[in-house]
There are 2 protein chains.
Amino acid sequence: MEEDKSDKINDPGSVGLVKTSYFKFADPPDELVLSNGSKLGPITIAYETYGDLNHEKSNAILIFHALTGDAHAAGYNSPEDRKPGWWDIMIGPGKPFDTDKYFVICSNVIGGCKGSTGPSSINPATGKHYGLSFPILSIKDMLVPQKKLLDHLGIRKLFCAAGGSMGGMQLLQWLVSYPDLSQGAMIIATSPTHTAQAIAFNSVGRYTIIEDPNWNNGDYYESEKPDKGLSIARMIGHITYLSEESMHRKFGRKFIDGKQSLTGTADFTKEFEVENYLQYQGESFIKRFDANSYLYITKAIDDFDITDGFENLADALKEIKARCFVLSFTSDWLYPKEQSMKIVKALKINGIETTYTNFESPYGHDSFLIDDERLKRLFAGFLKSIGV
Amino acid sequence: MEEDKSDKINDPGSVGLVKTSYFKFADPPDELVLSNGSKLGPITIAYETYGDLNHEKSNAILIFHALTGDAHAAGYNSPEDRKPGWWDIMIGPGKPFDTDKYFVICSNVIGGCKGSTGPSSINPATGKHYGLSFPILSIKDMLVPQKKLLDHLGIRKLFCAAGGSMGGMQLLQWLVSYPDLSQGAMIIATSPTHTAQAIAFNSVGRYTIIEDPNWNNGDYYESEKPDKGLSIARMIGHITYLSEESMHRKFGRKFIDGKQSLTGTADFTKEFEVENYLQYQGESFIKRFDANSYLYITKAIDDFDITDGFENLADALKEIKARCFVLSFTSDWLYPKEQSMKIVKALKINGIETTYTNFESPYGHDSFLIDDERLKRLFAGFLKSIGV
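Every residue gets a number counted from 1 within its own chain, in the order that chain's sequence is written. Each chain gets a letter, beginning with A, and each ligand a number, beginning with 1, in the order they are written. Predicted model: local features are reported for residues with pLDDT of at least 70 only, side-chain atom pairs are reported and counted for 80 or more only, and whole-chain, interface and lining totals are derived from all residues. Values reported for side chains reflect all heavy atoms of the structure, with hydrogen atoms and water molecules removed beforehand.

What follows covers the interface of chain A and chain B. In this description, contact between two residues means that some pair of their heavy atoms is separated by no more than 4.5 Å. Contacts between the two partners involve 55 residues from chain A, matched on the other side by 55 residues from chain B. Accessible area that two parts lose when put together, with a 1.4 Å probe and added across both, is what the buried area reports. Summing the contributions of chain A and of chain B, the shared interface buries around 4,900 Å²; its carbon and sulfur component is 68%. Three residues stand out in chain A for area buried against chain B, namely Tyr207, Arg253 and Phe268 of chain A, and they jointly supply 17% of the buried area on that side. Counted as salt bridges are all cases of a side-chain nitrogen of Lys or Arg within 4 Å of a carboxyl oxygen of Asp or Glu. Across the contact surface, chain A and chain B share 8 salt bridges. The residue glutamate 211 of chain A makes a salt bridge to lysine 228 of chain B at a minimum N-O spacing of 3.5 Å. Definition of a polar contact: a pair of N or O atoms within 3.5 Å, with one able to donate and the other able to accept a hydrogen when the atoms are protein atoms, and with sequence-neighbouring residues admitted only if both atoms are side-chain atoms. Put simply, chain A and chain B have 18 residue pairs in polar contact (both at pLDDT 80 or more) between them. Under the DSSP-based scheme used, a helix requires at least four consecutive residues in state H or I and a strand at least two consecutive residues in state E, with every element numbered from the N terminus. Going through the elements one at a time, helix 4 (196-211), helix 5 (227-241), helix 6 (244-250), helix 7 (273-288) and helix 8 (291-303) of chain A are the ones with two or more residues in the side of chain A that touches chain B.

This paragraph deals with the pattern of salt bridges. Under the criterion given, the structure shown has 34 salt bridges over all chains. Among the ionic pairs, arginine 253 of chain A bridges to aspartate 305 of chain B, the shortest N-O distance being 3.6 Å. Residue arginine 253 of chain A is located in the loop between helix 6 and helix 7, and its partner aspartate 305 of chain B is located in the loop between helix 8 (291-303) and helix 9 (313-316); the two belong to separate chains. Partly exposed describes any residue whose relative accessible area lies between the buried limit of under 20% and the exposed limit of over 50%, with all areas from a 1.4 Å probe on protein chains only and scaled to the type maximum. For aspartate 305 of chain B, a relative accessible area of 15% translates into the label buried. Salt bridges sharing common partners tie together Arg206 and Asp302 of chain A together with Glu275 of chain B.

This part is about the domain arrangement of chain A. Residues and elements named next belong to chain A. Taken as a whole, chain A is organised into domain 1 (5-195 + 305-385) and domain 2 (196-303). Start and end positions for the domains come from either an automated domain assignment or a database one. Put simply, the middle of domain 1 and the middle of domain 2, counted by C-alpha atoms, are 25 Å apart. Taken residue by residue, the interface counts 35 residues in domain 1 and 35 residues in domain 2. In this assembly, domain 1 packs against domain 2 so that about 3,000 Å² is buried in total across both faces, 65% of it on carbon and sulfur atoms. Together, Leu67, His194 and Trp333 form the three largest contributors to the area buried by domain 1 at its contact with domain 2, with a combined 23%. The interface formed by domain 1 and domain 2 holds 0 salt bridges in total. Our enumeration of links across domain 1 and domain 2 arrives at 16 residue pairs in polar contact (both at pLDDT 80 or more).

Once that is clear, we can look at the side chain of threonine 190 of chain B. Considering the arrangement of structural elements, one finds threonine 190 of chain B in the loop between strand 12 (182-188) and helix 4 (196-211). Residues within four places of threonine 190 of chain B in sequence aside, it is in contact with Ser165, Gly168, Met169, Tyr335, Gln339, Ser340 and Ile343 of chain B.

Moving on to unusual backbone geometry. Residue and element names in this part refer to chain A. For the bond running from proline 28 to proline 29, omega is 10°, close enough to zero to count as cis. Inspection of the secondary structure puts proline 29 in the loop between strand 1 (21-25) and strand 2 (32-33). In the segment running from glycine 41 into proline 42, the intervening peptide bond is cis, with an omega of -5°. Mapped onto the fold, proline 42 is located in the loop between strand 3 (39-40) and strand 4 (43-50). The backbone phi angle of alanine 26 is positive, close to 60°, even though this residue is not glycine.

What follows deals with the state of the cysteines. Between two cysteines, a covalent bond joining their sulfur atoms is known as a disulfide. Any pair of cysteine sulfurs within 2.5 Å is marked as a disulfide. The final tally for this structure, using the stated rule, is 0 disulfides over all chains. Residue cysteine 324 of chain A stays outside any disulfide, its sulfur separated by 9.3 Å from that of cysteine 160 of chain A, the closest cysteine. Not engaged in a disulfide, the cysteine cysteine 113 of chain B finds its nearest cysteine sulfur in cysteine 106 of chain B; these two sulfurs lie 14 Å apart.

This paragraph deals with the sheet that holds strand 5 (residues 60-64) of chain A. Residue and element names in this part refer to chain A. Overall, mixed pairing links the 8 strands, which are arranged 1-4-8-5-11-12-13-14 in an open sheet. The outermost strands of the open sheet, each flanked by one partner alone, are strand 1 and strand 14 (354-359). Taking the axes of each pair of neighbouring strands and ignoring which way they run, one obtains an average angle of 20° across the sheet. Two strands qualify as a pair provided that DSSP identifies no fewer than 2 bridges between them. In this sheet, strand 8 (residues 103-107) lies alongside strand 4 in antiparallel orientation, the contact comprising 4 bridges. Across the sheet, tyrosine 50 pairs through a bridge with valine 104, a residue of strand 8. As a rule, the C-alpha atoms of each element are fitted with a line to give its axis, helices using only the stretch in contact, and angles between N-to-C directions run from 0 to 180 degrees.

Our next topic: the environment of threonine 357 of chain B. Considering the arrangement of structural elements, one finds threonine 357 of chain B in strand 14 (residues 354-359). In this view, threonine 357 of chain B contacts Phe325, Val326, Leu327, Ser328 and Leu378 of chain B; residues no more than four positions away in its chain are not counted.

For these two chain copies, the linking operation is a rotation about an axis paired with a shift along it. At an RMSD of 0.0 Å, chain A and chain B line up after a rotation of 180° and a shift of 0.0 Å along the axis. Viewed as a symmetry operation, the transformation between the two copies matches a two-fold axis. Interface residue correspondence from chain A to chain B reaches 100%, placing this contact among same-surface, isologous pairings. Only residues with pLDDT of at least 70 in both copies count here: their C-alpha atoms drive the least-squares fit that superposes the copies.

Here it is, written out as structure tokens:
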């Protein structure tokens with residue numbers, strides 16, 4: 001088994017062993033002022049980089065993660081890791097985000113729980129976990145620390161920025177807030193405005209957390225955690241990340257242990273394989289995620305509307321200078337192609353160079369995380385076109 | 001206000017004041033034997049009828065209700081009722097199920113909580129609520145009492161049977177179990193086989209109930225009820241009954257009280273109108289529905305596969321004699337048109353006279369409950385064609 005582990009780390013397509021770095025800023029009295037006027041500081045940002053920054057500092061790619069993602073996008077933090085970073089299929093030597101050519105950066109959003117300052121962090125002013133004293137965040141607020149991180153790394157302009165789902169929202173906001181900072185942009189499986197249905201799914205998830213007696217108004221870090229609420233929120237979310245077709249292919253109506261057990265002893269949640277799978281997803285999630293972070297981040301997603309303060313979407317996107325690649329997936333019903341097409345239309349109205357693909361995939365919203373050669377070629381092709 | 005109430009009851013299109021009737025059978029030792037071999041009895045069935053049975057007993061229409069429906073399909077049980085029965089738009093003098101012509105019957109399914117024997121009923125053998133000692137039911141098991149009721153009413157053959165959603169599943173099973181009993185059949189917004197995604201939504205709902213500490217293994221009738229779990233289950237379900245479009249039209253991104261409150265005091269579930277609406281749906285539901293009934297009935301739905309014991313769908317439907325009308329709705333993503341089209345194909349393979357409409361409607365799965373003149377004409381038109 002040891003051999004296997006070192007093999008995967010030494011795989012020529014892997015960035016291998018990587019270390020998470022931490023960048024600190026916004027020490028009082030220079031706290032970060034958030035969209036709603038509240039202040040946050042000091043702030044720690046967890047981030048990872050892969051590849052080397054070139055002399056001109058012109059080969060940087062910034063990756064924005066999705067709701068439950070983190071800074072660990074590629075490689076392994078330890079030889080014991082069972083799995084590589086969340087976008088390892090795309091990042092590494094010879095992969096689309098080719099670390100032989102590019103310097104790839106990914107950081108954990110504030111509000112998160114994977115090393116960046118969030119509600120589970122200790123507030124140095126009180127010596128206690130922030131909990132609900134953590135300020136309400138917007139997607140825009142998540143970007144300021146990432147801009148500070150680029151300054152810290154001496155990067156004035158990105159070769160490209162890329163993000164899927166909430167990462168795509170961050171990217172849209174990035175392009176609007178900092179229109180001159182990116183040569184290329186890969187806007188993936190996202191929406192310019194969170195819709196009522198998508199809000200509804202997130203909100204029911206938040207409701208299950210808040211209704212969990214262990215949530216205790218967000219103050220649970222020294223006691224039992226609201227694990228049940230958080231796992232149910234994850235189960236609900238997980239259904240929306242898959243397509244009906246992929247669930248059908250993967251589970252269909254298969255029974256756990258191959259047979260139905262209509263025994264009269266009612267077991268209402270452990271008969272179908274799909275039930276087992278969802279419960280497993282819920283149970284694994286609570287080990288790696290903080291319930292308050294789930295509240296804050298899904299809330300930022302629901303509040304996201306890139307047209308806020310603008311007349312319409314075309315008006316919102318008018319200053320963008322990056323060459324854009326917009327990507328949707330045929331079976332994504334959470335952020336269906338119509339949402340991406342709105343972005344494309346608004347970009348084109350503004351004469352912004354834009355490529356759009358509605359990618360044929362049965363895997364639903366999560367398609368951008370699936371290892372698919374066609375998808376990789378598409379990514380590599382767009383990156384090649386930037387600056388040409 | 002009194003005047004308004006009497007007006008609605010005396011409205012010429014309303015069946016007016018109606019009384020729920022009760023039919024008892026299966027007294028021990030003649031209990032009903034269920035699909036899984038367990039026995040249930042005595043059984044009470046709550047039912048309502050509207051219009052008059054003609055001398056030939058040839059004008060009866062049997063209506064099957066959906067998951068949370070009941071026997072009260074039309075009119076008012078009391079002058080104080082705020083709303084009429086659940087399908088009042090379709091049943092009454094001059095309406096599609098025209099009570100001047102037809103004798104319309106609707107009964108509550110066993111396993112339910114609206115007058116028919118279910119887990120919240122008292123088990124006469126023990127003097128206690130059934131709770132989890134109630135046997136696991138199938139959709140097929142729900143039909144036997146309805147057949148007994150027809151026998152009791154002296155009806156040998158139905159003019160028509162109709163049902164949407166779980167009512168459509170009952171109807172499909174009815175046509176397979178009793179192929180000679182119906183002249184016409186209106187199979188609405190349903191699926192021949194419950195899919196993995198639909199199972200997933202139901203199962204997460206059941207999980208929230210079971211994880212509610214008040215559920216207490218189904219034994220809560222003398223204590224606090226698992227209201228939180230049940231209301232969350234309903235909220236999840238409710239999202240699936242609406243379409244993205246109808247939620248967008250109805251709520252969009254509107255804020256409660258018209259404005260966003262990013263105050264820093266985190267209120268994670270009470271900002272958007274859609275959140276308010278879903279919570280209201282959850283809270284009203286717990287007043288009228290029993291959590292154990294929700295478990296048993298959704299489980300019967302998830303277990304439903306009309307092809308069980310047959311080679312395929314065409315084989316399963318081969319004995320059907322009724323003239324069939326299959327109806328799906330363009331925006332129904334819970335039971336999308338593909339499911340209805342499978343039924344249509346299987347019926348046509350068997351040479352069964354079948355009409356199919358994919359009805360243009362923005363209201364999602366619940367479209368069959370919406371007051372729509374085009375839909376009424378479609379219903380009336382099909383009923384007119386029966387026996388011609």
